[in-house]
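Now for the letters of each chain:
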Amino acid sequence: MVPMRIGIAGLGAIGRTVARALADGMPGLELACVAARDPGKARAWLESQGIVAPVVKLESMPSHADLVVECAPASVLDDICRPMLSARKKVMVLSAGALLPRPELIELARSKGGQIIVPTGALIGLDAVTAAAQGTIHSVRMVTRKPPRGLAGAPYLVENGISVDGLTAPLRVFAGSAREAAIGFPANVNVVAALALAGIGPDRTTIEIWADPGVERNCHSIEVDADSAKFSMSIENIPSENPRTGRITALSVLAALAKQRAPLRVGT
Ligand SMILES: NC(=O)C1=CN([C@@H]2O[C@H](COP(=O)(O)OP(=O)(O)OC[C@H]3O[C@@H](n4cnc5c(N)ncnc54)[C@H](O)[C@@H]3O)[C@@H](O)[C@H]2O)C=CC1
Ligand SMILES: O=C([O-])CC(=O)C(=O)O
């Protein structure tokens, strides 16, 4: 079987873990290329890891890869998706919050025959949410609690003069829709964007965000009420080297990549 060629756009907390795993060997998959903001730094890291892969520009990824894992800042989503989707290829999008204001990327995938894959990422239960969405979902509500350092610097906090420094008790810093949360916290709550895309959309999916000095983990809890089932889910994510990103996120990418070529697929 010809291996599926995987590209990685963004060599940070998620990208490095995915690159390492692909280089160690995943059946039916090969690391085909990497794109980074600083190509010299990327080459030095790959060399230090003994990983052989070309460092290429975002626009030339389609000639190297069948599927690109987007694990870069939200601001570069267009530059990663457009070339790949125009070439009828796949992009696994981690910056899910940046997809909400860009429905044209989904339209591009539709018109060209490419595909955007949003993995479950740092979340839980998108299998059940997508299943329930085949029927009627009445409501989806999410509450996120993060250590203050996992929220510091978010545009919503800066614009509203909300400080999370030196908190001694939990502070609710936001309540609103997934669409508003993705704008105000573009690097902190991609999870609610993925939840919205799986279920009832960004305007009806609601979220509260708490800066909680009492937690060490990024905690998400979700309640779904549908005509097929009512369910609650929660997950406590251990932060990776990037305090905003749970360790499980890169593992979710690996699981989603493995499904691309697996003889047995478990879960939707
Ligand atoms: N969907 C989900 O469940 C989750 C999504 N995320 C999102 O995934 C993305 C990646 O997260 P991390 O790896 O933790 O971030 P990170 O900040 O550790 O790494 C991002 C990397 O992208 C690189 N980069 C910047 N500009 C670039 C460009 N023009 N081309 C290529 N690379 C570029 C940076 O230099 C950095 O190495 C972020 O948008 C984050 O918000 C994070 C956690 C969960
Ligand atoms: O959704 C995100 O951007 C990251 C997150 O909450 C987590 O890793 O728990």
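Residues numbered from 1 in each chain as written. Chains lettered and ligands numbered in written order. Predicted model: local features only at pLDDT ≥ 70, side-chain atom pairs only at ≥ 80, totals over all residues. Heavy atoms only, no water.

Engineer: Please explain the overall build of the protein as it appears in this structure.
Structural biologist: What the protein contains, in helices and strands, is nine helices and ten strands. Taken over C-alpha atoms, the radius of gyration comes to 18 Å for the protein, in line with the 18 Å a tight globule of 268 residues would show. Across its three principal axes, the protein shows a C-alpha extent of roughly 50 × 45 × 30 Å. When each of the 268 residues of the protein is scored for burial, the buried share is 47%. Summarising the internal contacts of the protein: among those between residues at least 6 apart in sequence, 69% fall at separations of at least 24. For the protein, the accessible surface area stands at approximately 12600 Å², while carbon and sulfur atoms represent 52% of it. Averaging the locations of the 28 positively and 24 negatively charged side chains of the protein gives two centres separated by 4 Å. (Helix = DSSP H or I, 4+ residues; strand = E, 2+ residues; numbered from the N terminus. Rg over C-alpha atoms; globule rule 2.2 N^0.38 Å. Buried < 20%, exposed > 50% of the residue type's maximum accessible area, 1.4 Å probe, protein only. Contact = heavy atoms within 4.5 Å. Areas by Shrake-Rupley, 256 points an atom, 1.4 Å probe, with all protein chains shown as cover. Lys, Arg positive; Asp, Glu negative; His and termini not counted. Charge placed at Lys NZ, Arg CZ, Asp CG, Glu CD.)

Engineer: Sorry, what's going on with the UniProt feature "active site" (unreviewed entry) in the protein here?
Structural biologist: Sites flagged by UniProt as "active site" (unreviewed entry) map to His220. If you trace the backbone, histidine 220 turns up in strand 9 (residues 218-226). A polar side-chain atom of histidine 220 sits 2.9 Å from a polar atom in the side chain of threonine 144. (UniProt positions renumbered as here; feature names shortened; annotations may be inferred. Polar contact = N/O pair within 3.5 Å; in protein donor to acceptor, adjacent residues only side chain to side chain.)

Engineer: What am I meant to see in the domain arrangement of the protein here?
Structural biologist: Frequently, the measure chosen for interface size is the accessible area removed from exposure when the parts meet. Entries for the protein in the domain assignment read domain 1 (4-122 + 248-261) and domain 2 (126-237). Between domain 1 and domain 2, the contact holds eleven residues from the first and 13 residues from the second. Taking both sides of the interface into account, the surface hidden between domain 1 and domain 2 amounts to around 970 Å²; carbon and sulfur atoms contribute 73%. Across the domain 1-domain 2 interface, the total number found is zero salt bridges. Seen at the junction of domain 1 and domain 2, the total is three residue pairs in polar contact (both at pLDDT 80 or more). (Domains from an automatic or database assignment. Buried area = accessible area lost by both parts, 1.4 Å probe. Salt bridge = Lys/Arg side-chain N within 4 Å of Asp/Glu carboxyl O.)

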